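Observations on the model geometry
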Amino acid sequence: MNNKSIGVFDSGLGGLTAVKQIMQELPNENIIYFGDTGRVPYGTRSRDTILKYTRGDIRFLRTFDVKIIVIACGTASSAALPMIKNEFDVPIVGVIDAAVYAAVRATRNGKIGVIGTSGTIKSGEYEKQIKAYDGNMEVYSKACPMFVPLVENGYFDSPVTKLIVEEYLEEIRSKGVDTLILGCTHYPLLAKTIGEYMGGGVTLINSGAEVAKYLKKKFDREMMHSAATDEEQYRYYVSDDISSFEELGGIFLEREINGQVSKIDIEKY
Ligand code: DGL
């Protein structure tokens, strides 16, 4: 048993796609979530800036004595995690490995699409890891920088979202992929629109959900589970306006989070 909390962060709302799944897979766990809403998006920033933000986010979560930190952000997982993972005395996991593992098992025709932020696609991490599993896989990648602002503003299923989905995904769809990695944790919030455009034969891989499954296996193996508790299990922190996070986050998590969100000054960490 290990009753410490799980720390999770992302640049904004996107990491809640992992949190939602962690709540389901590991219902006894305490979760501390940080959404860096004051500095979102990460995906269009330079690697140096993403590194700086990632280190600060981890330092903030470390103040809670967490047992593990989940980088529920494809951009920080691909552009920063390989460089910083040995700098901290706490286990840190990103979303890339779990999503790649799921995708290579899901594909039947060996054609995998990867969509993510510009930072993630530029890093080449997903492609590198898929090829490391099987060099014969065909990988088609595309940066979709307008998806994150759509999500952060609640445009999950609007006509404008449909147009942008078509614009970004046309080429990948024409390649005949049967599996598409949603390589940014914001994108599962657009899964309905993306799925409708790609068609029923294409499996969408939700990187946040896959990291939750990975955590469950790790906790089983290493006896890291928390005991059930009556205390408040979930706390959320943001670096900008609380009310919009409460509103959109609550809708997405399908639970009331009003009163559980606090604002912090992330520049101090
Ligand atoms: N949700 C993040 C990701 O998975 C970050 C998106 C962004 O801030 O650009 O890449």
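Below you will find a few notes about this structure. (Residues numbered from 1 in each chain as written. Predicted model: local features only at pLDDT ≥ 70, side-chain atom pairs only at ≥ 80, totals over all residues. Heavy atoms only, no water.)

**Re the site of the ligand**
- In the vicinity of the ligand there are 14 residues, among which Ser11, Tyr42, Gly74, Thr75 and His186 approach most closely.
- In this structure, a nitrogen atom belonging to the ligand sits 2.9 Å away from a side-chain N or O atom of Asp10.
- Between the ligand and Tyr42, the relevant distance is 2.7 Å, taken from an oxygen atom to a main-chain nitrogen or oxygen of the residue.
- In isolation the ligand exposes 300 Å². Once the protein is present, 99% of that is buried.
- A molecule is said to occupy a pocket when more than half its atoms come within 2 Å of that pocket's grid points, and by this definition the ligand occupies the largest cavity.
- Here the residues of the shell around the ligand are counted per class, giving six nonpolar, seven polar and one charged. (Near = heavy atom within 4 Å. Polar contact = N/O pair within 3.5 Å; in protein donor to acceptor, adjacent residues only side chain to side chain. Areas by Shrake-Rupley, 256 points an atom, 1.4 Å probe, with all protein chains shown as cover. 1 Å grid on protein atoms, 1.4 Å probe; cavity = no way out; pocket = protein on both sides within 12 Å on 5 of 7 lines; lining within 4 Å. Sits in = over half its atoms within 2 Å of the grid points. Nonpolar A, V, L, I, M, F, W, Y, C, P; charged D, E, K, R; others polar.)

**Examining helix H10 (residues 191–198)**
- Listing the buried residues of H10 in full gives Thr193, Ile194, Tyr197 and Met198. Buried residues of H10 fall within an arc of 125° about the axis and therefore sit on the same side. Opposite the buried face of H10, at more than 90 degrees from it, the exposed residues are Lys192 and Glu196.
- Looking at the buried residues of H10, the elements they touch are strand S5 (111–116), helix H8 (147–152), helix H9 (159–174), strand S7 (179–182) and strand S8 (203–206).
- Positive phi shows up at Gly199, right after H10, with a value of about 100°. (Buried < 20%, exposed > 50% of the residue type's maximum accessible area, 1.4 Å probe, protein only. Helix = DSSP H or I, 4+ residues; strand = E, 2+ residues; numbered from the N terminus. Arc of directions from axis to C-beta. Contact = heavy atoms within 4.5 Å.)

**Section: empty space enclosed by the protein**
- By the definition in use, this model includes one cavity of 30 Å³ or more.
- Of the pockets and cavities examined, the largest cavity occupies roughly 90 Å³.
- For the largest cavity, the lining is made up of 15 residues, of which Pro41, Tyr42, Gly43, Thr117 and Val148 are closest to its centre.
- Broken down by class, the residue content of the lining of the largest cavity amounts to seven nonpolar, seven polar and one charged. (Points joined across faces, edges and corners; volume = space filled by probe spheres on them.)

**Description of the packing of helix H1 (residues 16–25) against helix H11 (residues 207–222)**
- Between H1 and H11, whose axes approach to 7 Å, the crossing angle comes to 35°. As H1 runs across H11, the sense of the crossing is right-handed. Contacts between H1 and H11 pair Thr17, Ala18, Gln21, Ile22 and Glu25 from the former with Gly208, Ala209, Val211, Ala212, Lys213, Leu215 and Lys216 from the latter.
- Looking at side-chain class alone, the contact of H1 with H11 contains six nonpolar, three polar and three charged residues. (Axes fitted to C-alpha atoms, helices over the stretch in contact; angles between N-to-C directions. Left-handed = near helix turned anticlockwise from the far one by under 90°.)

**What to know about the side chain of Glu152**
- Considering the arrangement of structural elements, one finds Glu152 in helix H8.
- One buried charged side chain, Glu152, makes no salt bridge at all; its nearest oppositely charged neighbour is Arg45, positioned 11 Å away.
- There is a polar contact of 2.8 Å between the side chain of Glu152 and the backbone nitrogen of Leu13.
- With residues up to four places along the chain from it excluded, the contact list for Glu152 reads Gly12, Leu13, Gly14, Val40, His186 and Leu248. (Lys, Arg positive; Asp, Glu negative; His and termini not counted. Salt bridge = Lys/Arg side-chain N within 4 Å of Asp/Glu carboxyl O.)

**What to know about the packing of aromatic side chains**
- The final tally for this structure, using the stated rule, is twelve aromatic pairs.
- Aromatic side chains Tyr33 and Phe245 sit 6.1 Å apart centroid to centroid with 20° between the ring planes, which places their arrangement in the stacked category. Here Tyr33, found in strand S2 (residues 31–35), pairs with Phe245, found in helix H12 (residues 242–253); they are 212 residues apart in sequence, far enough to count as distant.
- The exposure class of Tyr33 is buried, given its relative accessible area of 0%.
- Both rings, one in Phe60 and one in Phe64, keep their centres 5.4 Å apart while their planes meet at 85°; by these two values the pair is edge-to-face.
- When its relative accessible area of 2% is taken as the criterion, Phe60 is described as buried.
- A network of ring pairs unites the aromatic residues Phe34, Phe60, Phe64, Tyr237 and Tyr269 as a single cluster.
- Sitting above the plane of the Tyr53 ring, Arg39 keeps its charged end 3.9 Å from the centroid. (Phe/Tyr/Trp six-rings, centres within 6.5 Å; stacked < 30°, edge-to-face > 60°. Lys NZ or Arg CZ within 6 Å of the ring centre and 35° of its normal.)

**With respect to the layout of surface pockets**
- Quantified by volume, the largest pocket comes out at close to 430 Å³.
- Lining the largest pocket we find 19 residues, and of these Gly94, Ile96, Asp97, Ala98 and Tyr214 sit closest to its centre.
- Breaking the lining of the largest pocket down by element, the ones donating at least two residues are helix H4 (81–84), strand S4 (92–93), helix H5 (96–106), helix H7 (125–133) and H11.
- Along the lines of polarity and charge, the residues of the lining of the largest pocket split into ten nonpolar, three polar and six charged.

**So, the side chain of Ser207**
- Position of Ser207 relative to the elements: it lies in helix H11.
- The exposure class assigned to Ser207 is buried, which follows from its relative accessible area of 0%.
- A polar side-chain atom of Ser207 sits 3.1 Å from the main-chain carbonyl oxygen of Leu182.

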